[in-house]
Amino acid sequence: MGQDKKVYMAKIKLTICFILFTWFTAMATLPSNGLLKIKKNSSKPKVLVFFDLGCPICIDYYNDIQEIAAQYSPSYNFYLIFTYLTDKDKILEDPICYNKNFQTFIDKRLIISKHYGVSVLPCVVVVNNRNKIQYIGLIDDRFEQIGVKKSVSSNHYLLDVLNNKHHDFTVPVGCKFR
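Quantities reported herein were computed from a predicted structural model and do not represent experimental measurements.

## Here's the deal with the overall build of the protein chain
At step 1: Within the protein chain one finds six helices and nine strands.
At step 2: Taken over 178 residues, the protein chain has a buried fraction of 45%.
At step 3: Pairs at least 24 apart in sequence give 72% of the contacts found in the protein chain among residues at least 6 apart.
At step 4: Here the protein chain has roughly 10,200 Å² of accessible surface; of this, 56% comes from carbon and sulfur atoms.

Encoded structure:
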């Protein structure tokens, strides 16, 4: 019985942390930092894709991200944001970095990542044209836990949000970097 109570309390603490994280990130706006050239006052909403070329789960989403950006770039500004984990030379060699549908950034000091509370890759953040977060979390449910991959996704969270369907925030699954 004592072990069950510890598990129950841990679940409650995790739920409270998630609720607080959701509330704080919902209040967030894009950071105003002169080094970041993210179009803060753009009329188009933004999709920030936090990505790392060394993360196998990110690599698994490589083609999906390109297809989504190609389809939705007329309506959204797409930003591919690499953390300090990705080697700059590796980024310069990779074709995804030169995709015409993305602007690419290296978040070396984790300014953008910290602002949105991102610590797991891949992670997507959708921000409306008034800089309010509409969604943060998974691209889809292909990976619901580390090491377990579905052959077919049944929930396409990012696509739902881009098609103006409301979605609760989800907790990213992938490579931790903090």
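Structure's up, so let's keep going.
## Brief notes about the state of the cysteines
At step 1: Under the definition given, this model contains one disulfide.
At step 2: Here Cys55 engages in a disulfide with Cys175; their sulfurs sit 2.3 Å apart. When the S-S torsion is 85°, as for the bridge of Cys55 with Cys175, the disulfide is right-handed. With Cys55 in the loop between strand E1 (46-51) and helix H2 (56-60) and Cys175 in strand E9 (residues 175-176), this residue pair connects regions lying 120 residues apart in the sequence.
At step 3: There is no disulfide at Cys58, and the cysteine sulfur nearest it, in Cys55, is 3.8 Å away.
At step 4: This cysteine, Cys123, is not joined by any disulfide, and Cys58 carries the nearest cysteine sulfur, 9.8 Å off.

## A word on the pattern of salt bridges
At step 1: Counted under the stated rule, the structure contains six salt bridges.
At step 2: Close ionic contact of Arg142 with Asp64 constitutes a salt bridge, the shortest N to O distance being 2.9 Å. Here the residue Arg142 occupies a position in the loop between strand E6 (133-137) and strand E7 (143-145), and Asp64 occupies one in helix H3 (residues 62-72), the gap between them amounting to 78 residues.
At step 3: Where Asp141 meets Lys150, a salt bridge forms, and the shortest distance between an N and an O atom there is 2.8 Å.
At step 4: The class of Asp141 is buried, set by a relative accessible area of 0%.
At step 5: If you follow the salt bridges from partner to partner, you end up with Asp60, Asp64, Asp140, Arg142 and Lys149 in one network.

## A few points about empty space enclosed by the protein
At step 1: For the structure shown, the criterion picks out one cavity of 30 Å³ or more.
At step 2: Considered as a void within the structure, the largest cavity measures approximately 30 Å³ in volume.
At step 3: Looking at the lining of the largest cavity, its residues break down into seven nonpolar, no polar and no charged.

## What about the side chain of Asp107?
At step 1: Relative to the assigned elements, Asp107 resides in strand E3 (residues 102-107).
At step 2: A polar contact of 2.8 Å, which involves the side chain of Asp107, links it to the backbone nitrogen of Ile111.

## Examining the layout of surface pockets
At step 1: As a volume, the second largest pocket reaches approximately 180 Å³.
At step 2: Forming the walls of the second largest pocket are Pro45, Tyr76, Val126, Asn128, Gln134, Val161, Asn164, Lys165, His166 and His167.
At step 3: Looking at the lining of the second largest pocket residue by residue, the classes come out as four nonpolar, five polar and one charged.

About the thresholds
Residues numbered from 1 in each chain as written. Predicted model: local features only at pLDDT ≥ 70, side-chain atom pairs only at ≥ 80, totals over all residues. Heavy atoms only, no water. Helix = DSSP H or I, 4+ residues; strand = E, 2+ residues; numbered from the N terminus. Buried < 20%, exposed > 50% of the residue type's maximum accessible area, 1.4 Å probe, protein only. Contact = heavy atoms within 4.5 Å. Areas by Shrake-Rupley, 256 points an atom, 1.4 Å probe, with all protein chains shown as cover. Disulfide = S-S within 2.5 Å. Salt bridge = Lys/Arg side-chain N within 4 Å of Asp/Glu carboxyl O. 1 Å grid on protein atoms, 1.4 Å probe; cavity = no way out; pocket = protein on both sides within 12 Å on 5 of 7 lines; lining within 4 Å. Points joined across faces, edges and corners; volume = space filled by probe spheres on them. Nonpolar A, V, L, I, M, F, W, Y, C, P; charged D, E, K, R; others polar. Polar contact = N/O pair within 3.5 Å; in protein donor to acceptor, adjacent residues only side chain to side chain.

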